[in-house]
Amino acid sequence: FLTTSGLPQATLHKIWEIADSDGQGTLNRQKFFVACRLVAHAQAGQAPGPHLVAVAPALLPDFEPPTRRRRSPSEESNIAAKQYGSPVESMGLEPV
């Protein structure tokens, strides 16, 4: 499933190592959420690391090729938007 994120294999490997911190080889619900959060950070250009596990990403992770759909404004994280402002607005663009 994580491969549909479009991230390089090396990045996905690092994300898995962080999410599966006890080395069980599987992800329970909580670990899966950690992996999704790290995917979102990586898609935003941040290198995945343990320091990002508890940090809300600005956008939800995208697991479909970008050509298949556009994000709706409701997919933006409210926590990150309040803390950092909307990524769209910070670029001087109007939300779609």
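Given the structure is predicted, the values throughout are model-derived calculations rather than measurements. (Residues numbered from 1 in each chain as written. Predicted model: local features only at pLDDT ≥ 70, side-chain atom pairs only at ≥ 80, totals over all residues. Heavy atoms only, no water.)

1. A look at the packing of aromatic side chains
Turning to step 1, where the next piece is worked out: Within this structure, the stated rule accounts for three aromatic pairs.
Turning to step 2, where the next piece is worked out: Seen from their ring centres, F1 and F32 are 5.8 Å apart, and the 45° between their planes marks the pair as tilted. Of this pair, F1 sits in the segment before helix 1 (9-19) while F32 sits in helix 2 (residues 29-43), and the two are 31 residues apart along the sequence.
Turning to step 3, where the next piece is worked out: On the basis of relative accessible area, F1 is assigned to the exposed category, the value being 59%.
Turning to step 4, where the next piece is worked out: Judged by its relative accessible area of 29%, F32 falls in the partly exposed class.
Turning to step 5, where the next piece is worked out: Aromatic pair F1 and F63: ring centres 4.5 Å apart, planes at 40°, arrangement tilted. Of this pair, F1 sits in the segment before helix 1 while F63 is found in the loop between helix 2 and helix 3 (78-84), placing the two residues 62 residues apart along the sequence.
Turning to step 6, where the next piece is worked out: What links up through ring pairs into an aromatic cluster is the set F1, F32, F33 and F63. (Phe/Tyr/Trp six-rings, centres within 6.5 Å; stacked < 30°, edge-to-face > 60°. Helix = DSSP H or I, 4+ residues; strand = E, 2+ residues; numbered from the N terminus. Buried < 20%, exposed > 50% of the residue type's maximum accessible area, 1.4 Å probe, protein only.)

2. Here we look at the confidence of the model for the protein
Turning to step 1, where the next piece is worked out: Of the residues in the protein, 67% have a pLDDT of 70 or more, and the chain-wide mean is 79.
Turning to step 2, where the next piece is worked out: Taken as a whole, residues 83-93 scores under 50 in pLDDT and shows nine contacts with residues more than four places along the chain or in a different chain. (pLDDT = per-residue confidence, 0-100. Contact = heavy atoms within 4.5 Å.)

3. A closer look at the pattern of salt bridges
Turning to step 1, where the next piece is worked out: Per the counting criterion, the structure on display carries two salt bridges.
Turning to step 2, where the next piece is worked out: Note that D20 and K31 form a salt bridge whose closest N and O atoms lie 3.4 Å from each other. Taken together, the residues D20 in the loop between helix 1 and helix 2 and K31 in helix 2 connect sequence positions 11 residues apart. The exposure classification of D20 matches that of K31, with both residues buried.
Turning to step 3, where the next piece is worked out: Residue K31 is joined to D22 by a salt bridge in which the shortest nitrogen-to-oxygen separation is 2.5 Å.
Turning to step 4, where the next piece is worked out: With a relative accessible area of 12%, K31 lands in the buried category.
Turning to step 5, where the next piece is worked out: Classification of D22 as partly exposed rests on a relative accessible area of 46%.
Turning to step 6, where the next piece is worked out: One network of salt bridges, with partners in common, ties together D20, D22 and K31. (Salt bridge = Lys/Arg side-chain N within 4 Å of Asp/Glu carboxyl O.)

4. Description of the environment of Q43
Turning to step 1, where the next piece is worked out: Mapped onto the fold, Q43 is located in helix 2.
Turning to step 2, where the next piece is worked out: Taking relative accessible area as the criterion, Q43 reaches 28% and is therefore assigned partly exposed.
Turning to step 3, where the next piece is worked out: Expressed as a C-alpha distance, the spacing of Q43 and P61, which sit 18 residues apart in the sequence, is 7.3 Å.

5. Some remarks on the nonpolar core
Turning to step 1, where the next piece is worked out: Ranked by internal contacts, the top residues of the largest apolar core, which has 14 residues, are L2, L7, I15, A35, L38, V39 and F63.
Turning to step 2, where the next piece is worked out: Broken down by secondary-structure element, the contributors of at least two residues to this core are helix 1 and helix 2.
Turning to step 3, where the next piece is worked out: With six residues, the single largest contributor to this core is helix 2. (Core = buried A, V, L, I, M, F, W, Y, C linked by side-chain atoms within 4.5 Å.)

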